2 protein chains.
Amino acid sequence: MAIKYELIKECKQSGARLGRITTPHGVIETPIFMPVGTKATVKAMTPEELKEIETQILLSNTFHLYLRPGHELIEKAGGLHKFMNWDGPILTDSGGFQVFSLDKLREITEEGVEFRSFVDGSKHFFTPEKSMEVQNALGSDIMMAFDECPPYPADKEYVRKSLEMTTRWAKRSKDAHKNPETQALFGIIQGGMFRDLREQSAKELIELDFPGYAIGGLSVGEPKELMIEVLKYTTPMMPKDKPRYLMGVGTPDYIFEAAISGIDMFDCVLPTRIARNGTAMTSQGRINLKNAKFFDDFTPLDDECDCYACRNYTKSYIRHLVKENEILGARLLTIHNLNFLLRLSENIREAIKNDRLLDYKEEFYKKYGYIK
Amino acid sequence: MAIKYELIKECKQSGARLGRITTPHGVIETPIFMPVGTKATVKAMTPEELKEIETQILLSNTFHLYLRPGHELIEKAGGLHKFMNWDGPILTDSGGFQVFSLDKLREITEEGVEFRSFVDGSKHFFTPEKSMEVQNALGSDIMMAFDECPPYPADKEYVRKSLEMTTRWAKRSKDAHKNPETQALFGIIQGGMFRDLREQSAKELIELDFPGYAIGGLSVGEPKELMIEVLKYTTPMMPKDKPRYLMGVGTPDYIFEAAISGIDMFDCVLPTRIARNGTAMTSQGRINLKNAKFFDDFTPLDDECDCYACRNYTKSYIRHLVKENEILGARLLTIHNLNFLLRLSENIREAIKNDRLLDYKEEFYKKYGYIK
């Protein structure tokens, strides 16, 4: 087996769990936020900077790397770890979500998805087998099965057919996967916003016995309350002895809800994307450095933070960098935001250890304020 | 006196000199290339990264900082060193060159230069007194007197009048300078491409007894041969016991000629600008990473280089980053190019020490190839 999951402890105050995943490239303490390095680089960061803030695992995007520079090149370079000089664990997605996002540029059949590249208009065909071929070439520690992610809203019959195809594609993914001893393949539970369909999907995928499971099809535009409702009833359907991954979550409120529901891993481009737009996540809530009030504010981004940006620079200086589109501005805010979510993950693990995750959540929100 | 210059040794093979400048923020070994941090940041770099490649002194631009974020803010922050978190020496220019570059947006009189901001169209008036006020507020270790830089070509009568005004402005700069004990003010020798006018300018400025001198009005579009001719006859006009600075030079060929002529300091945005455009300076000459031949080239940018980029990444990966406009690509190439010029400066100092600068130049060009 490529990975080993240990359930260390369950929180007595919530459904949260403290765990540990051992991968070929190192150990991951869960629950954990995973920074996203879409194109074989976490935007604006070096691997050393990622390690300084104690990044445990990166996510990279199969679809983007398939198109450019191509998985054959990365395989020739010795795999994704070597290509990008990151020796820690890497998770790759299946490419499915990106392919479906192409909307009018793609066509879905039982065999797979045909699409035109947004880069040069060239025709491509993505299948479970192709996704495995690409992810095997990349050499990620954790791979995702090729799934269909239905839009929101979608009618029940469509979602049922879709999840059943996702199960068949999961089976084909498993069969096509060449390196189960060094790369763990996760199944993705679909079923939209329908409890019985989530149950059906979970049951079918669990029969295929993947080393880990993800919840897909959430954070696709549904109301927050609905998302949390689905999350709360779906997570308990997942095996206890395997890691659980919620895709596309990267704000404190969703991270708390995910952890409380018993999720172990989550990822999102949001913290790095808003950093490049001048926004910092702080213990007092989000702030946008473009705001005029920071012009002569000589305090750090967050006085509770000890990241490189907060140890060395003022809001006034970072605001100047942001206003002038200086690369250092994007760098400092990216370091800060990723550190914020990694420290939040750390604090959540500590709270689980002490059976007080709900208390910690309340303390956190007293400062942070409520986010819709 | 704010700075102290020691002439350690003259090269027996050329006019080059090994020296040392002691400033309030540290010692500078000369000849030295100075990276440019136009807007209080060397684009894409942190101060720690600049130190790792042994940057000894930075240049920053008075005109840009005056417009945004404003020198009053930087003074309030505790000066430019503190604002940008760089505790080494800083040189600021006078703002003159940038103001004159505005072309149709400015009007020159004996009093100073009136111009409209390219930012918001607002009207500004720059004078020697204003330039000193701004540079005093920034707190740079080395300041430049406010000068007029004539264009190329320009007729002799215009250049004569211009240099005479530059002398009067230099006198006014000196009189307006508030901190001569902590900030050294350099005079700028003008005189265009006319030897007698360079002599006149040098003579007039030397009478004003500045702690250092620069050659202005070169690298403004004249042919390379002419530039080197002017450089070769102007440098010997400068005092031996004070630092000599050639403005706007940042390619190996000009750096060699400057050092050989007896210049101690030089700066240019070129290495950082071409880095962001995908170009690396290497011991084999310049290479552009966008070139298809680097697609699967798994060797470092320069096999004689030991910078962070060359120790850890391949041309293939950096090419991918450059093609995808990833910030890390700009970062790696900037580190590499600045390191290249700083190591070149170091090798030049070593060659002067061993009385073999002309030999070293020949060895360098054998690999580098000739650059027009």
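The coordinates are above.
The sections below set out a description of the structure shown in this document. (Residues numbered from 1 in each chain as written. Chains lettered and ligands numbered in written order. Predicted model: local features only at pLDDT ≥ 70, side-chain atom pairs only at ≥ 80, totals over all residues. Heavy atoms only, no water.)

Some details on the interface of chain B and chain A
Opposite the 36 residues of chain B that make contact, chain A presents 36 residues. Run the count over chain B and chain A and you get ten salt bridges. Close ionic contact of Asp296 of chain A with Lys76 of chain B constitutes a salt bridge, the shortest N to O distance being 2.6 Å. At the boundary of chain B and chain A, one finds 18 residue pairs in polar contact (both at pLDDT 80 or more). Only α1 (47-52), α3 (71-76), α4 (80-84), α12 (308-312), α13 (315-323) and α14 (327-353) of chain B provide two or more residues apiece to the side of chain B that touches chain A. Of the residues in the side of chain B that touches chain A, the class split is 19 nonpolar, six polar and eleven charged. (Contact = heavy atoms within 4.5 Å. Salt bridge = Lys/Arg side-chain N within 4 Å of Asp/Glu carboxyl O. Polar contact = N/O pair within 3.5 Å; in protein donor to acceptor, adjacent residues only side chain to side chain. Helix = DSSP H or I, 4+ residues; strand = E, 2+ residues; numbered from the N terminus. Nonpolar A, V, L, I, M, F, W, Y, C, P; charged D, E, K, R; others polar.)

Details of the pattern of salt bridges
In total, this model carries 62 salt bridges over all chains according to the counting rule given. The closest approach of N and O atoms between Glu54 of chain A and Arg343 of chain A, which form a salt bridge, is 3.8 Å. Taken as a pair, Glu54 of chain A in the loop between α1 (47-52) and β5 (58-60) and Arg343 of chain A in helix α14 (residues 327-353) lie far apart in primary sequence, 289 residues in all. Glu54 of chain A sits in the partly exposed class, given a relative accessible area of 44%. Salt bridges linked by common partners bring Glu49 and Arg331 of chain A together with Glu49 and Arg331 of chain B together as one network. (Buried < 20%, exposed > 50% of the residue type's maximum accessible area, 1.4 Å probe, protein only.)

Comments concerning the environment of Lys366 of chain B
As for its position among the elements, Lys366 of chain B is in helix α15 (residues 357-368). Taking the C-alpha atoms as reference, Lys366 of chain B lies 39 Å from Thr62 of chain B; in sequence the two are 304 residues apart.

A few points about the side chain of Arg17 of chain A
All names here are of chain A. Of note, Arg17 is situated in strand β2 (residues 17-23). Looking at Arg17, its side chain comes within polar contact range of the main-chain oxygen of Lys240, at 2.8 Å. Engagement of the side chain of Arg17 in a polar contact is seen with the side chain of Asp264, the distance being 2.9 Å.

Concerning the sheet that holds strand β1 (residues 4-10) of chain A
Residues and elements named next belong to chain A. Sheet architecture is open: three strands sit in the order β1-β2-β3, paired in antiparallel fashion. One side of each edge strand has no neighbouring strand; the edge strands of this open sheet are β1 and β3 (26-30). The mean angle between the axes of side-by-side strands here comes to 15 degrees, regardless of whether they run parallel or antiparallel. Pairing analysis gives five bridges linking β2 to β3, with the strands arranged antiparallel. Of the residues in β3, the one forming a bridge with Ile21 is Ile28. Strands β1, β2 and β3 of the sheet are contacted by α14, whose axis makes an angle of about 120 degrees with β2. (Pairing = 2+ DSSP bridges. Axes fitted to C-alpha atoms, helices over the stretch in contact; angles between N-to-C directions.)

What to know about the pairing of strand β16 (residues 285-288) of chain A
Residues and elements named next belong to chain A. Two strands pair when backbone bridges link them, and strand β15 (residues 279-282) and β16 are joined in this way by four bridges, in the antiparallel orientation. Its bridge partner lying in β16, Thr282 is registered against Gly285. Hairpin connection of β15 to β16: two residues between the antiparallel strands.

Thoughts on the sheet that holds strand β8 (residues 113-116) of chain A
Residue and element names in this part refer to chain A. Within the open sheet, the three strands sit side by side as β7-β8-β9. Their pairing is antiparallel. On the outer flanks of this sheet lie β7 (106-108) and β9 (123-126), each paired with one strand and no other. On average, each strand axis in the sheet is tilted by 15 degrees relative to the strand beside it, whichever way the strands run. Alignment of β7 against β8, held across three bridges, turns out to be antiparallel. In the sheet register, Ile108 faces β8, and the bridge partner there is Val113.

A look at unusual backbone geometry
Among all residues except glycine, the phi angle is most often negative; among peptide bonds, the trans geometry is most common. Cis geometry is adopted by the peptide bond preceding Pro153 of chain A, which originates at Tyr152 of chain A and carries an omega value of -5 degrees. In this fold, Pro153 of chain A is placed in the loop between β10 (142-144) and α7 (156-176). Cis geometry marks the peptide bond from Thr30 of chain B to Pro31 of chain B, where omega comes out at 0 degrees. Among the secondary structure elements, Pro31 of chain B is positioned in the loop between β3 (26-30) and β4 (32-34). Non-glycine residue Asp355 of chain A carries a positive phi angle of around 50 degrees. Inspection of the secondary structure puts Asp355 of chain A in the loop between α14 and α15 (357-368). A positive phi angle is found at Asp209 of chain B, which is not glycine, with a value near 55 degrees. Note on placement: Asp209 of chain B falls in the loop between α8 (195-207) and β12 (212-215).

Purely geometric numbers; function is a separate question.
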